[in-house]
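Architecture at a glance
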Amino acid sequence: MSHDIRTPMNAIIGMAVIAQANLQSPEKIQDCLNKINVSSRHLLNLINEVLDMSRIESGKIDLISENVSLPELIEDVMDVFRPLAAEKHLELQINADHVRHEKVVTDQNRLRQVLVNLLSNAVKYTPDGGCVGLWIREVPSFAKGRGQYEFIVTDNGIGMSEEFLPHVFEPFARAKDPTINQVQGTGLGMAITQNIVRMMNGTIEVRSNPGQGSRFIVAVSFELCEEAED
């Protein structure tokens, strides 16, 4: 963790020194500022995840109940990943299956965080030219006024071994694979994701095989907004 924090911090300090030494070169300064911007955003993400994990462990995170439009939420999430997928020439698939109730009551930001974390991993661990998918499915619910949903994130990336699967949601866990040593991350994303899903009284499971990709399934029940079925 300390190494992950030092890396972008050292980059920011180093680029600032280089910029100061090249005040007469606008192009060099612009390049340094761009790299400082990238590193500072990465550092902020690290800090936010550490704080999130701390709040979760201390029980200080409360879910906010608000009316959420699932199509709008999914569109917001995909807007984040379309440029990232384009950079790696990934095919990005979005599918909805039997979603009869599009408006639900849940914590919009936390649900978005779950999907962003899962899709972020899918994009990071899928080689160029691969495929990443998000499926939303509403399954029959026997509770009046509630809907049962599944959010499924798939990829055809490097996958994970059977031995590592039981540890995928542990803080700082990472598979021993030389192909992912350069992939940045806090090692907290999956632990935070699992905790949020549990706070929503949902479940998350993963299926994966080396070289064949991964499939994460989030199952959660939401209170339905009062509306006609679409």
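This text gives an overview of the structure that appears in the document. Bear in mind that the values here come from a model prediction, so they are computed numbers and not experimental data.

**Details of the overall build of the chain**
When helices and strands are tallied, the chain shows five helices and seven strands. The order of α-helices and β-strands along the chain, N terminus first, is α-α-β-α-β-β-α-β-β-α-β-β. By residue count, 40% of the 230 residues in the chain fall in the buried class. Restricting the contact set of the chain to residue pairs at least 6 apart, pairs at least 24 apart contribute 72%. Here the chain displays about 13,200 Å² of accessible surface, and carbon together with sulfur accounts for 51% of that area.

**Considering the side chain of aspartate 155**
On the secondary structure map, aspartate 155 appears in strand β5 (residues 146-155). Among the polar contacts made by the side chain of aspartate 155, one reaches the main-chain amide nitrogen of glycine 157 at a distance of 2.8 Å. Residues within four places of aspartate 155 in sequence aside, it is in contact with Ala122, Thr126, Cys131, Val132, Gln212, Gly213 and Ser214.

**A few points about the packing of aromatic side chains**
In total, this model carries three aromatic pairs according to the counting rule given. Centroid distance tyrosine 149 to phenylalanine 222: 5.6 Å. Interplanar angle 40 degrees. Geometry classified as tilted. Of this pair, tyrosine 149 sits in strand β5 while phenylalanine 222 sits in strand β7 (residues 213-224); the two residues are 73 residues apart in sequence, bridging distant segments of the chain. In this pair, the class of tyrosine 149 matches that of phenylalanine 222, namely buried. Three or more aromatic residues link up through ring pairs in this structure, and these residues are Tyr149, Phe151 and Phe222.

**What about the side chain of glutamine 194?**
Locating glutamine 194 in the fold gives a position in helix α5 (residues 189-199). Residue glutamine 194 is classed as buried on the basis of its relative accessible area, which comes to 15%. Beyond its immediate stretch of four places on either side in the chain, glutamine 194 contacts Phe169 and Ile204.

The rules behind the values
Residues numbered from 1 in each chain as written. Predicted model: local features only at pLDDT ≥ 70, side-chain atom pairs only at ≥ 80, totals over all residues. Heavy atoms only, no water. Helix = DSSP H or I, 4+ residues; strand = E, 2+ residues; numbered from the N terminus. Buried < 20%, exposed > 50% of the residue type's maximum accessible area, 1.4 Å probe, protein only. Contact = heavy atoms within 4.5 Å. Areas by Shrake-Rupley, 256 points an atom, 1.4 Å probe, with all protein chains shown as cover. Polar contact = N/O pair within 3.5 Å; in protein donor to acceptor, adjacent residues only side chain to side chain. Phe/Tyr/Trp six-rings, centres within 6.5 Å; stacked < 30°, edge-to-face > 60°.

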